[in-house]
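This is what each chain is made of:
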Amino acid sequence: LAAQFLQIVRRPEVALALWSAGAAAALGFSFLILFRQFTGEHVKLDHVTPGMFIPAVGLVVVPVAGAPLSALQPDPALQGAMLLACYVSLGTGFLLWVSLHAISLYRLVLHTPVPGQLAPTFWVNLGPLGVVPISVLALAEASRFVVDRVPFQVVALLIWGFGVWWLAMAAILTLTYWRRGQLPFVLSWWAFTFPTGAF
């Protein structure tokens, strides 16, 4: 059964359908979630944590599969549309992450500390810092107009390099919370696994 499933999934038309649904969902949820935050009065500075990055993370993942999948499409117009969608998704997700990261740092520096049950969300930063470089390199590889891939590689390495620093910072912060007895086991512990794996 698993072998049959893999044969189905390896078909480009199935992969295209799954990627299209996932990309549309990531874009849709980014609008829905952030629109509610932008227009509501329910979000306070106390609520700001790196967990707010999740809509942005979904967008930066789109090119990981979309860029190489575009090369398998026989229609040049479809290839171009897919690459454009990947660039828009990556640009939107990355710049949203940068903006939300600035707000998160503002809270960390000038406001009360994050409650212990939300301390694992420090690790959420590693998701975009690990996936954005992969997306940048995938787009450079799939884009015919990219003649020199070295600038893309340098940008990817710089972003990943900040991830190395943040990995150490997240570990130090988590250890501090743990030593203070402020790290209860709660649902936010998922952030120790997925973002770290993505990085």
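On a predicted model such as this, the values are computed, not experimentally measured, just so you know. (Residues numbered from 1 in each chain as written. Predicted model: local features only at pLDDT ≥ 70, side-chain atom pairs only at ≥ 80, totals over all residues. Heavy atoms only, no water.)

## Some points on the overall build of the protein chain
- A tally of helices and strands in the protein chain yields seven helices and zero strands.
- Across the protein chain, helices and strands are ordered from the amino to the carboxyl terminus as α-α-α-α-α-α-α.
- Each principal axis of the C-alpha distribution contributes one length, and for the protein chain these read about 55 × 40 × 40 Å.
- The long-range share in the protein chain, meaning contacts at least 24 apart out of those at least 6 apart in sequence, stands at 81%.
- Surface accessibility of the protein chain: about 11,500 Å² in total, with carbon and sulfur atoms responsible for 74%.
- The protein chain carries 9 positive and 6 negative side-chain charges, and their two centres are separated by 11 Å. (Helix = DSSP H or I, 4+ residues; strand = E, 2+ residues; numbered from the N terminus. Contact = heavy atoms within 4.5 Å. Areas by Shrake-Rupley, 256 points an atom, 1.4 Å probe, with all protein chains shown as cover. Lys, Arg positive; Asp, Glu negative; His and termini not counted. Charge placed at Lys NZ, Arg CZ, Asp CG, Glu CD.)

## Brief notes about helix H6 (residues 150-179)
- Over its 30 residues, H6 extends 43 Å from the first C-alpha to the last, a length consistent with the 44 Å expected when each residue adds 1.5 Å.
- Restricting attention to buried positions, one finds in H6 the residues Ala156, Ile159, Gly163, Trp166, Ala170, Thr174 and Tyr177.
- Against the buried residues of H6 lie helix H4 (76-110) and helix H5 (126-142).
- Looking one or two places after H6, you find glycine 181, whose phi comes out positive at around 75°. (Expected span 1.5 Å × (residues − 1). Buried < 20%, exposed > 50% of the residue type's maximum accessible area, 1.4 Å probe, protein only.)

## What about the side chain of serine 188?
- Looking at where serine 188 falls in the secondary structure, it is placed in the loop between H6 and helix H7 (194-198).
- Residues in contact with serine 188, not counting those within four places in the same chain, are Gln117, Leu118 and Pro120.

## Some words on the packing of aromatic side chains
- Tallied over the full model, the rule gives eleven aromatic pairs.
- For the pair phenylalanine 162 and tryptophan 166, a centre-to-centre distance of 6.3 Å together with 50° between the ring planes defines the contact as tilted. In this pair, phenylalanine 162 and tryptophan 166 both sit in helix H6, four residues apart, roughly one turn of the helix.
- Take tryptophan 166: its relative accessible area is 2%, and that puts it in the buried class.
- In this structure an aromatic cluster arises from ring pairing among Phe94, Trp97, Phe162, Trp165 and Trp166. (Phe/Tyr/Trp six-rings, centres within 6.5 Å; stacked < 30°, edge-to-face > 60°.)

## Observations concerning the packing of H4 against H6
- For the pair H4 and H6, the least separation of the axes is 15 Å and the interaxial angle reads 30°. What the angle tells us is that H4 and H6 run roughly parallel. Classified by chirality, the crossing of H6 by H4 is left-handed. From H4, Phe94, Trp97, His101, Leu105 and Leu108 reach across to H6, where they touch Ile159, Phe162 and Trp166. (Axes fitted to C-alpha atoms, helices over the stretch in contact; angles between N-to-C directions. Parallel < 35°, antiparallel > 145°, perpendicular 65-115°, else oblique. Left-handed = near helix turned anticlockwise from the far one by under 90°.)

## Quick word on the confidence of the model for the protein chain
- Overall, the prediction assigns the protein chain a mean pLDDT of 91, with 95% of residues at 70 or greater.
- Ranking the elements of the protein chain by mean pLDDT puts helix H1 (residues 2-9) last with 54 and H6 first with 97. (pLDDT = per-residue confidence, 0-100.)

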